[in-house]
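# Structural features, examined
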Amino acid sequence: MKQYIKPYIPLIIIEVLLIALSILADLYLPRLMSHIVDAGVLRGNVPLILNKGVAMIGLAALSVILMTVAGLMAAKISMGFARDLRAGLFSHVLSLDFPSFETFGAPSILTRATDDISQLERMAVVALRPMVRAPLMFVGATYMCLTTDVKLSAIILISGPMLLAVVITIARKSIPCFRRIRELMDKINLHFRERLTGIRVIRAFGKESYEDKRFDEVNRSMRRTSEQVNNYLITMLPAFNLIFNLSMVAVLYFGAGRIHAGTMEVGDLMAFIQYVVQIMFALSMFSMLFAMYPNAKAAYDRIVEVLETPPAKENVKVTLPEEGETSLVFDHVSFSYPGAERPVLSDISFEVKAGEKIAIIGGTGSGKSTILKLIHRFYHVSGGEIRLNGVNIEDISAKDLRSRVGYAPQKAMLLLRSVRENIGLSHDKPLSDGETDRYLSIAQAKDFVHAAENGMDATVSQTGKNLSGGQKQRLSIARALAKEPEVLLFDDAFSALDFQTDKALRRALAPMTDRTATIIVAQRVMTVLDCDEILVLDDGKIISRGTHEELMKSSTVYREIAASQLGEEVLYA
Ligand SMILES: Nc1ncnc2c1ncn2[C@@H]1O[C@H](COP(=O)(O)OP(=O)(O)OP(=O)(O)O)[C@@H](O)[C@H]1O
C-alpha cells in the first residue's frame, strides 16, 4: 500500500501546512475578540475596535481560503490515490496464480476493486482534512485555554477524556459490524452474479422463489448488521451533546465567579468559551473519524490482503529456442487441487510430437480438462514432470510457455470486442482480412461471420451471448489457430458442433495439425477416430491406451462408449 501513498507525500505535506496555517488563524481570532471586548468595548476605544475588527475579518477570510485550497487538494490526492490503487490491484490480480485467485473468488475481488476502494477514496476525501485538523486544533485550543486561564482549564481535563471514552467504546463495538458488512457485501455480489449469469437456468428450473429466499437471508442479515452499527453511531451524538453542554455550564458558572472575584476579564471568558467550542469541535471531528474508520479499515485490510498475496512464482532457468522439434511429454505426472484430499491425476505418462494427435476420452470428472490446465501451468504438478521440447515447463517463463500453446477451452469465452480482435487476441497488431478469413475458414466460421452485418468487424457481445454455442466454439477454435502454436489443445471444443461441421472442421484442420502437437479432449468417439493414440481416463488414471482399432479390441470401457455412439454417428459420417 505504501507505494500508492508515496507519490502523494509532497501534496500531503502541503495539505498539512495549509491546514496548520488556517488553524493558527482560527486560534488567534478569539484572542483578537477578547482584546476588542476588554480594551475596546469596555473602555469605549472605537479606533481599536475598528482596527482589530478589520484584522479579524482578514484572518477569517484567510482561514476560509486556506481551507478551500486544502479541500481541493484533498480531493486531488484521494482521487489520484484511488485511481492508482485500482490500477495496481487490477494488474496484481492478473498476476496471481489460479489457486490464489480461486481462494478470493471473482465476486470478492470485484467488491474489493470497486466498493472497498471507493470506501478508502471517500475516507480520504472527507477525512483527510479532519485527520490533520482535529489533533492540531485540539492541541492548539487546549494550549490557548491554558494560557487564557489555567484554573478554568481543569474543566476540559475532565470533559475531554469523557468524550474520548465515548468515542473509543463506540468504535470498538462497531468495528466487527463493519467487517461483517463487507463480507455480506461479497455475498450479495455473489448472489447477484449467479442470479444474473444463471437467469435462464433459474427460470427454466422454476427456482425463482428458492433463489429469492436465499438472497433474502443475506439481505436481511445485511439490514440487521447495518441497523446495529447505526444504533451504536446514533448514541454518539446525544452523549457528545450532553458532555458539551455540561462543560459549557461549568465554564460559565466558574468563569462568572472568577470575573466577580476580579481574577478574569469578560473578554477572556468569551475567548475561553470559543476555545472550549474549538476543543469540542476537534473531538467531534475525532468521533466522525472513528465512525468512518472501522469501515475504511475493513476495506483497507481486504485490499491489502489481495495486494500482499504473492504473484505467481516464476523460476525461469531456460529460454526455449524458437526453432526445433516440438514434443510434449507427461512423465509420471500426478496432481491434487490445493486443499483437495484425493489426487485428481495419478501417474499420467504420454508423449505427443509435432504432427501427432493424442485424444483423451473418459467420463465426467475423470481429469481430462485438468491435464490441459497443467500444460498451461495454471497449476503446478504434485509429482512427476511435464516437458516441452525436452525442458521441464517449471523452468520456462509462463509467457514463453503459453505463447507456444493454442487452446480452445471447454467453455468458449469470447471478449467484448470485434470478431477480428477476438480471433487475433494473441497478436499485437490486428489481423488482416485474409488472415482472419483463413482461420475462420478452417474453424468453419466464415459463413456465419460474413452473413452478419459488419462481418468480421461485428462486435461479439460480452461472453458471446449474441452467438449460438456452436458458433462460439468455432470462433474459439479460430482464435486458438490464429496463435499459430506449437501445441494445440482442444478441450471438448467440438461438443456443440453438429456431426457434419465436426467432420468438415477436422478435415480443414489437417494441414495445421500436421505441424502441431495436438491433444483433443472429447466425449465423441467420432472426433478421435483418426488420432495416433487415444488415452482412456478413469478417475484420474489412464486405464487403456492405443489407437481406435486397438482399443476396440482391448478396452471394454472404450468399446462400450463407442458402441453407444457410433451407430448414430456413422449415419452422418
Ligand atoms: N479448480 C478446482 N478446484 C478443485 N477441484 C477441481 C477444480 N477443477 C476441477 N476439480 C475437480 O477435479 C476433478 C476433475 O475435473 P476435470 O474438469 O479435469 O474433469 P473432466 O474429466 O474434464 O470433466 P468433464 O468431462 O465433466 O469436463 C473433478 O472431480 C473436479 O471436481
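Residues numbered from 1 in each chain as written. Predicted model: local features only at pLDDT ≥ 70, side-chain atom pairs only at ≥ 80, totals over all residues.

### Focus: the overall build of the chain
Just so we agree on the cut-off: Strands here are runs of E lasting at least two residues and helices are runs of H or I lasting at least four, both read from the DSSP assignment and numbered beginning at the N terminus. Whether a residue is buried, exposed or partly exposed follows from its count of other C-beta atoms within 10 Å of its own C-beta, namely 20 or more, 12 or fewer, or something in between, respectively; the C-beta atoms are built from the backbone. A pair of residues counts as a contact when their C-beta atoms, built from backbone coordinates, are separated by no more than 7 Å.
Counting its secondary structure elements, the chain contains 19 helices and 10 strands. In the chain, which comprises 573 residues, the proportion classed as buried is 35%. Relative to all contacts within the chain whose residues are 6 or more apart in sequence, the contacts with residues 24 or more apart total 78%.

### Things to note about the UniProt feature "transmembrane region" (unreviewed entry) in the chain
The criterion, for reference: UniProt positions are given in the numbering used here, feature names are shortened, and annotations may be inferred rather than shown by experiment.
According to UniProt, the feature "transmembrane region" (unreviewed entry) maps to residues 7–29, 49–75, 126–146, 152–171, 232–255 and 275–293 in the numbering used here. Note that residues 126–146 is 100% helix and 0% strand, and that its end C-alpha atoms are spaced 31 Å apart. Between the end C-alpha atoms of residues 232–255 the distance is 35 Å, and the span holds 100% helix and 0% strand.

### Observations concerning the pairing of strand β9 (residues 533–538)
Under the convention used in this document: Strand pairing is assigned whenever DSSP identifies at least 2 bridges connecting the two strands.
Bridging between strand β3 (residues 357–362) and β9 involves five bridges; their strand directions are parallel. Bridge assignment links Ile361 to a residue of β9, and that residue is Val536. Counting the residues that bridge the hairpin from β9 to strand β10 (residues 541–546) gives two residues, and of these Asp539 lies at a positive phi of roughly 50°.

### Concerning the sheet that holds strand β1 (residues 327–335)
Inclusion rule: Only C-alpha atoms enter the line fits that serve as axes; for helices the fit covers just the stretch in contact. Angles between N-to-C directions range over 0 to 180 degrees.
The four strands lie next to each other as β2-β1-β4-β5, forming an open sheet whose pairing is antiparallel. The open sheet terminates on both sides in strands that have one partner only, identified here as β2 (345–353) and β5 (391–392). Relative to β2, β1 runs antiparallel, the two sharing six bridges. Looking at the pairing, Val329 lines up with Glu351 of β2. On top of the sheet, helix α10 (residues 368–375) reaches β1, β2 and β4 (383–388); it is set at about 120° to β1, its chief contact.

### Observations regarding the nonpolar core
What counts, and what does not: A set of buried Ala, Val, Leu, Ile, Met, Phe, Trp, Tyr and Cys residues, joined through C-beta atoms within 7 Å, is what we mean by a nonpolar core.
Within the largest apolar cluster, 70 residues are counted, with the highest numbers of intra-cluster contacts made by Ala359, Ala443 and Ala478. Per element, the largest residue contribution to this core is six residues, and it comes from helix α15 (residues 469–482). Not counting residues within four places of it along the chain, the set of residues in contact with Ala478 comprises Ile423, Tyr439, Leu440, Ala443 and Ala445. Leu66, Phe81, Leu85 and Ala124 belong to the second-largest nonpolar core, a separate cluster that totals 56 residues.

### Looking at the site of the ligand
Note the following rule: Only the C-beta atom, placed from the backbone, is used; a residue is near a molecule or strand if that atom lies within 6 Å of it.
Within the structure, the ligand sits among 13 residues, and Tyr337, Thr364, Lys368, Ser369 and Thr370 are positioned closest to it. Residue contributions to the shell around the ligand peak at three residues, all from α10.

### Some points on the pairing of strand β8 (residues 517–522)
Extensive coverage of β8 is indicated by the burial of six of its six residues. Side chains Ala517, Ile519 and Val521 of β8 all project onto a buried face; the interleaved residues Thr518, Ile520 and Ala522 project onto the opposite face, where all are buried too. Judged from the five bridges that link them, strand β7 (residues 487–491) and β8 form a sheet pairing that is parallel. Within the sheet, the bridge partner assigned to Asp491 lies in β8 and is Val521.

### Brief notes about unusual backbone geometry
A positive phi angle is found at His332, which is not glycine, with a value near 50°. Position of His332 relative to the elements: it lies in strand β1. Notably, Asp539 is not glycine yet its phi reads approximately 50°, a positive angle. Inspection of the secondary structure assignment puts Asp539 in the loop between β9 and β10.

### Things to note about the environment of Phe98
Of note, Phe98 is situated in helix α4 (residues 98–104). With 281 residues separating them in the primary sequence, Phe98 and Tyr379 have C-alpha atoms 6.7 Å apart. Apart from the residues lying within four places of it in its own chain, the contact partners of Phe98 are Phe378 and Tyr379.

### Brief notes about the packing of helix α6 (residues 154–197) against helix α8 (residues 208–260)
To be explicit about the condition: Working rule for angles: under 35 degrees goes down as roughly parallel, over 145 as roughly antiparallel, 65 to 115 as roughly perpendicular, anything else as oblique. Handedness of a crossing is defined here by the sense of rotation of the near helix relative to the far one, left-handed for an anticlockwise turn of less than a right angle and right-handed for a clockwise turn. By the convention adopted, Pro, Cys, Tyr, Trp, Phe, Met, Ile, Leu, Val and Ala count as nonpolar, Lys, Arg, Asp and Glu as charged, and the other residues, Gly among them, as polar.
The contact between α6 and α8 brings their axes to 9 Å, and the two run at 165°. On the basis of the axis angle, α6 is roughly antiparallel to α8. Like other packed secondary-structure pairs, α6 and α8 cross with a definite hand, here left-handed. In terms of residue class, the contact of α6 with α8 is built from 22 nonpolar, 10 polar and six charged.

### Structural notes on the sheet that holds β8
Strand order in the open sheet formed by six strands is β6-β7-β8-β3-β9-β10, with mixed pairing between adjacent strands. A single partner strand is all that each edge strand has here, and the edge strands are β6 (405–408) and β10. Taken pair by pair, the neighbouring strands of this sheet meet at an average axis angle of 15°, ignoring direction.

### What about α6?
Going by this rule: Multiplying one less than the number of residues by 1.5 Å gives the expected span of a helix. Bend angle per residue: angle between axes fitted to the 7 residues ending at that residue and the 7 residues starting there.
With 44 residues, α6 extends 64 Å from end C-alpha to end C-alpha; this agrees with the ideal 64 Å at 1.5 Å per step. Along α6, the largest kink reaches about 30° and is centred on Ser174; proline Pro176 follows within four residues of it.

### Considerations on the confidence of the model for the chain
How we decide: The quantity known as pLDDT measures the predictor's confidence residue by residue, on a range of 0 to 100.
Of all residues in the chain, 97% have pLDDT values of 70 or greater, and the mean over the chain is 85. ipTM for the predicted complex: 0.96, alongside a pTM of 0.67.

### Quick word on helix α16 (residues 499–513)
Its 15 residues give α16 an end-to-end C-alpha distance of 20 Å, which sits within 8% of 21 Å, the value for a rise of 1.5 Å per residue. Within α16, the axis deviates most sharply at Arg507, by approximately 25°, and proline Pro511 lies no more than four positions further along. Check the buried side of α16 and you find it contacts β3, α13 (433–442), β7, β8 and α17 (525–528).

### Quick look at the packing of helix α2 (residues 9–41) against helix α3 (residues 46–95)
Viewed as axis vectors pointing N to C, α2 and α3 meet at an angle of 160°, and their least axial separation amounts to 8 Å. In this view, α2 runs roughly antiparallel relative to α3, as classed from their interaxial angle. Of the two elements, α2 crosses α3, and the hand of that crossing is left-handed. A per-class count over the contact of α2 with α3 returns 28 nonpolar, five polar and four charged.

### Considering the environment of Leu110
Counting through the fold element by element, Leu110 comes out in helix α5 (residues 106–148). Assessed through the 17 C-beta atoms surrounding it within 10 Å, Leu110 is described here as partly exposed. C-alpha of Leu110 to C-alpha of Asp186: the two residues are 76 residues apart in sequence and 8.4 Å apart in space.

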